[in-house]
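# Summary of structural features
As a plain string of letters, each chain reads:
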Amino acid sequence: MSSSTEVTLVGNLVEEVELRFTAAGIAVAKFRVASTPRKFNRDTNAWEDDKDGALFLSCSVWRQAAENAAESLQKGMRVIVQGRLKQRSYEDREGVKRTVFEVDVEDVGPSLKMATARVEKALRGAGGQGQGRQQGGGSRSGGWGGGQGSAQDAWSSGGGQQGQQGGWGGGDEPPF
């Protein structure tokens, strides 16, 4: 029996994002998130992690979002995950019935509670694959680049700081 419930989870990545491709070439990224509730200890007058209440959930995200997650997220990062909580039952090698909970991710990103992030729009390639980032001047601090997009596209405007050369340091292919 399977069920799903919309959830939003805030926690830390406990492993690197693993990116794979199906036989049909569709990207899927898997990762695990630990969400640990905190409680106030009146004896020490400090907040502490509730180790007994830690929740570890396996998450999977598909297609372009999978590639973006693999490129953007790293082990230890605090992330916000939104998706569908699914319950799956199976029988292990010893014949014991088990039930696991997993998140089919709709959206994921870094938490900005104690960090900063620089956002870059992913450019769409042919067929939704081979997509990369484009940024002017070949540096992360440069403007959005290459004159791509329309004037109405907020992602393509660089506030007058658009670079004249976009892509990955002069080439059109990403470095992988």
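Definitions and cut-offs
- Residues numbered from 1 in each chain as written.
- Predicted model: local features only at pLDDT ≥ 70, side-chain atom pairs only at ≥ 80, totals over all residues.
- Heavy atoms only, no water.
- Helix = DSSP H or I, 4+ residues; strand = E, 2+ residues; numbered from the N terminus.
- Buried < 20%, exposed > 50% of the residue type's maximum accessible area, 1.4 Å probe, protein only.
- Contact = heavy atoms within 4.5 Å.
- Areas by Shrake-Rupley, 256 points an atom, 1.4 Å probe, with all protein chains shown as cover.
- pLDDT = per-residue confidence, 0-100.
- Polar contact = N/O pair within 3.5 Å; in protein donor to acceptor, adjacent residues only side chain to side chain.
- Phe/Tyr/Trp six-rings, centres within 6.5 Å; stacked < 30°, edge-to-face > 60°.
- Pairing = 2+ DSSP bridges.
- Core = buried A, V, L, I, M, F, W, Y, C linked by side-chain atoms within 4.5 Å.
- Salt bridge = Lys/Arg side-chain N within 4 Å of Asp/Glu carboxyl O.

### Re the overall build of the chain
- When helices and strands are counted, the chain shows one helix and eight strands.
- Its helices and strands in sequence order give the chain the pattern β-β-β-β-β-β-α-β-β, from N to C terminus.
- Here the chain holds 176 residues, and the buried ones make up 27% of them.
- For the chain, restricting intrachain contacts to residue pairs at least 6 apart in sequence, the fraction spanning at least 24 positions comes to 54%.
- Here the chain displays about 12,100 Å² of accessible surface, and carbon together with sulfur accounts for 48% of that area.

### Describing the confidence of the model for the chain
- The predicted model of the chain has a mean per-residue pLDDT of 75, with 68% of residues at 70 or higher.
- Confidence drops under pLDDT 50 across residues 126–171; counting only partners more than four residues distant or on other chains, this segment forms 73 contacts.

### Section: unusual backbone geometry
- Its identity as a non-glycine residue notwithstanding, N45 has a phi of 60°, on the positive side.
- Following the sequence through the fold, N45 ends up in the loop between strand 4 (38–41) and strand 5 (46–49).
- A positive phi angle is found at R63, which is not glycine, with a value near 60°.

### Remarks on the side chain of N41
- As for its position among the elements, N41 is in strand 4.
- There is a polar contact of 3.2 Å between the side chain of N41 and the backbone nitrogen of T44.
- Excluding anything up to four places from it in sequence, N41 contacts A46 and E48.

### Looking at the packing of aromatic side chains
- The tally for this structure, following the rule as stated, stands at one aromatic pair.
- Between F40 and W47 the ring centres are 5.5 Å apart and the planes differ by 70°, which places this aromatic pair in the edge-to-face class.

### Considering the pairing of strand 2 (residues 18–21)
- Sheet topology note: the strand 2/strand 3 (residues 27–35) ladder contains four bridges and is antiparallel. Across the sheet, the residue bridging to R20 is V28, located in strand 3.
- Where strand 2 folds back on strand 3, the antiparallel hairpin that results is connected by five residues, among which G25 adopts a positive phi of roughly 90°.

### Here's the deal with the nonpolar core
- With 18 residues, the main nonpolar core has F31, V33, V81, V105 and V108 as its most contacted residues.
- Elements with a contribution of two residues or more to this core: strand 1 (4–13), strand 3, strand 6 (55–62), helix 1 (63–72), strand 7 (78–91) and strand 8 (97–110).
- With four residues, the top contributor of residues to this core is strand 3.
- The contact partners of V81, leaving out residues within four places of it in the chain, are V7, T8, L9, F31, V33, C59, V103, V105, D107 and V108.

### With respect to the pattern of salt bridges
- Tallying each qualifying case throughout the model produces eight salt bridges.
- The salt bridge involving R20 is made with E18; its shortest N-O contact spans 2.5 Å.
- Connected through shared salt-bridge partners, R84, K86, D104 and E106 make up one network.

### Describing the environment of F31
- Mapping F31 onto the fold places it in strand 3.
- Residue F31 is classed as buried on the basis of its relative accessible area, which comes to 1%.
- Between the C-alpha atoms of F31 and S60, which are 29 residues apart in sequence, the distance is 6.6 Å.

### With respect to the environment of A46
- Its location among the elements puts A46 in strand 5.
- In contact with A46, not counting residues within four places along its chain, are K39, F40 and N41.

### Some words on helix 1
- Along helix 1, the residues classified as buried are Q64, A66, E67 and A69.
- Next to the buried residues of helix 1 lie strand 2, strand 3, strand 6 and strand 8.

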